[in-house]
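# Summary of the model geometry
So you can see what is in the structure, the chains are spelled out below.
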Amino acid sequence: MKKYVEILMLFVLLTLVQVLVLNNVNIFGYGTPFLYIYLLLRMDTETKSYEIMLWAFFLGLAIDIFSDTPGLNAAASVALAFCRKGILKLYTTYDRLENCSPGIGSLGLSTYLKYALTCSALHSCVLMTVEFFSFAGFGFILLKILASTVMTVLCLVAAEQFRR
């Protein structure tokens, strides 16, 4: 029960920070940090996939409701939740994945950066592709993906340092 209360508190906190602060941060019209994915990246490895995908859907839906983006964040969050375990397996060994909460303390800085960068890039790619639903402005979309990914990773590392 304690685990779910912590997740719910982090859910509310990240939703508020994303909606009230980070959605208004837009570097040169390109990059917006998506700190709310920190909840998905930080969930225990023992958590069932369907649980993570449900949390991802409701987290994305909450962001969508307050941001007036119909389902974009929900789709990107669920895609990230679906691929999260596979991405973790790319960068870690099986014994390091047993009952841990992925973070700098458990994975190490370089592994966590790779994990966060890959997850953030996947989330940004899905979000921007669904948002524009066209490859007409491919350079612009690529620049938005790159800027959002870099800003998100910086926010994720800052949140991880703050949590420690």
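Below you will find a few notes about this structure.

### Remarks on the overall build of the chain
When helices and strands are counted, the chain shows seven helices and zero strands. For the chain, the α and β elements follow one another from N to C terminus as α-α-α-α-α-α-α. A compact globule built from 164 residues should have a C-alpha radius of gyration of about 15 Å, and the chain, at 15 Å, falls within 12% of that. Across its three principal directions, the C-alpha atoms of the chain cover 45 × 30 × 30 Å. When the 164 residues of the chain are sorted by exposure, 43% land in the buried category. In the chain, of all internal contacts separated by at least 6 residues, the share reaching a separation of at least 24 is 69%. On the chain, roughly 8,800 Å² of surface is accessible, and the fraction owed to carbon and sulfur atoms is 70%. Distance between charge centroids for the chain: 6 Å, based on 12 positive and 10 negative side chains.

### Regarding the nonpolar core
Within the largest apolar cluster, 42 residues are counted, with the highest numbers of intra-cluster contacts made by Tyr-38, Leu-41, Tyr-112, Tyr-115 and Leu-156. Residue assignment for this core shows that the elements contributing at least two residues are α1 (2–20), α2 (38–42), α3 (49–67), α4 (72–91), α5 (104–107), α6 (109–132) and α7 (138–163). Dropping the residues within four chain positions of it, Tyr-112 is found in contact with Tyr-38, Pro-102, Gly-103, Ile-104, Leu-107, Leu-156, Val-157 and Glu-160.

### Points about the packing of α6 against α7
Following both chains from N to C, one finds α6 and α7 inclined at 140 degrees, their axes separated by 8 Å at the closest point. Regarding the angle of α6 to α7, the classification is oblique. Of the two possible hands of crossing, α6 and α7 adopt the one that is right-handed. Taken together, the residues of α7 that come into contact with α6 (itself represented by Tyr-112, Leu-113, Ala-116, Leu-117, Ser-120, Ala-121, Ser-124, Cys-125, Met-128 and Phe-132) are Phe-140, Ile-141, Lys-144, Ile-145, Ser-148, Thr-149, Thr-152, Val-153, Leu-156, Val-157 and Glu-160. Taken together, the residues of the contact of α6 with α7 sort by class into 14 nonpolar, five polar and two charged.

### Quick word on α6
Taking 1.5 Å per residue as the helical rise, α6 with its 24 residues ought to reach 34 Å, and the 34 Å between its terminal C-alpha atoms agrees with that figure. Buried within α6 are the following residues: Thr-111, Tyr-112, Tyr-115, Ala-116, Cys-119, Ser-120, His-123, Ser-124, Leu-127 and Met-128. Directly beyond the C-terminal end of α6, a positive phi value near 50 degrees is found at Phe-133.

### A look at the pattern of salt bridges
Under the defined criterion, the tally for this structure stands at one salt bridge. Across the pair Arg-42 and Glu-160 runs a salt bridge, and its minimum N-O distance is 3.0 Å. Placement of Arg-42 in helix α2 and of Glu-160 in helix α7 is noted, with a sequence separation of 118 residues between them. For the residue pair Arg-42 and Glu-160, the accessibility class agrees, reading buried in each case.

### A closer look at unusual backbone geometry
Glycine aside, a negative phi is what most residues show, and trans is what most peptide bonds show. At Asp-68, a position not held by glycine, the phi torsion is positive, near 60 degrees. Considering the arrangement of structural elements, one finds Asp-68 in the loop between α3 and α4.

### Considering the packing of aromatic side chains
Considering all chains together, one arrives at six aromatic pairs under this definition. With a centroid separation of 5.3 Å and 70 degrees between ring planes, the pair formed by Phe-57 and Phe-58 is classed as edge-to-face. Put simply, the rings of Tyr-30, Phe-132 and Phe-140 pair up and form one aromatic cluster.

### Looking at the packing of α1 against α3
Where α1 contacts α3, the axes come no closer than 10 Å and their chain directions differ by 30 degrees. As far as their axial angle goes, α3 and α1 are roughly parallel. Once α1 is placed against α3, the crossing between them reads as right-handed. Contacts between α1 and α3 involve Tyr-4, Ile-7, Leu-8, Phe-11, Thr-15, Gln-18 and Val-19 on the former and, on the latter, Glu-51, Trp-55, Phe-58, Leu-59, Ala-62, Ile-63, Phe-66 and Ser-67.

Basis of the calculations
- Here the residue numbering is sequential within each chain, running from 1 through the sequence in written order.
- Per-residue local features of the predicted model are confined to residues with pLDDT of at least 70, and side-chain atom pairs are confined, for both listing and counting, to 80 or more; whole-chain, interface and lining totals are unaffected and use all residues.
- Computation of side-chain values covers all heavy atoms of the structure but excludes hydrogens and water.
- Elements are defined by DSSP. Helices are runs of H or I of four residues or more, strands are runs of E of two residues or more, and each kind is numbered from the N terminus.
- Restricting the calculation to C-alpha atoms gives the radius of gyration, and the globule rule supplies 2.2 Å times the number of residues raised to the power 0.38.
- A simple rule labels every residue: compare its accessible area, found with a 1.4 Å probe on the protein chains alone, to the largest value its type can have, and call it buried under 20%, exposed over 50%, or partly exposed in between.
- Two residues qualify as a contact provided that any one of their heavy atoms is within 4.5 Å of a heavy atom in the partner residue.
- With residues, only the protein chains shown are counted as cover, and all accessible areas are computed by Shrake-Rupley using a 1.4 Å probe.
- None of His or the chain ends enter the tally, which takes Lys and Arg as positive and Asp and Glu as negative.
- Here the site of a charge means NZ on Lys, CZ on Arg, CG on Asp, or CD on Glu.
- Residues belong to one nonpolar core when they are buried, are Ala, Val, Leu, Ile, Met, Phe, Trp, Tyr or Cys, and are joined through side-chain atoms within 4.5 Å.
- Every axis corresponds to a line fitted to the C-alpha atoms, with the helix fit spanning only the stretch in contact, and the corresponding angles, defined between N-to-C directions, vary from 0 to 180 degrees.
- Roughly parallel covers angles under 35 degrees, roughly antiparallel covers those over 145, roughly perpendicular covers 65 to 115, and oblique covers all other angles.
- Rotating anticlockwise by less than a right angle from the far helix to the near helix defines a left-handed crossing, while the corresponding clockwise rotation defines a right-handed one.
- Following the grouping adopted for this structure description, the nonpolar residues are Ala, Val, Leu, Ile, Met, Phe, Trp, Tyr, Cys and Pro, the charged ones are Asp, Glu, Lys and Arg, and the polar ones are all others, Gly among them.
- A helix is expected to span 1.5 Å for every residue after the first.
- What makes a salt bridge here is a side-chain nitrogen of Lys or Arg within 4 Å of a carboxyl oxygen of Asp or Glu, nothing more.
- In this analysis, rings of Phe, Tyr and Trp, with Trp reduced to its six-membered ring, are considered paired at centre separations within 6.5 Å, and the interplanar angle assigns stacked below 30 degrees, edge-to-face beyond 60, and tilted for intermediate values.

All quantities given are derived from atomic positions and should not be read as evidence of function.
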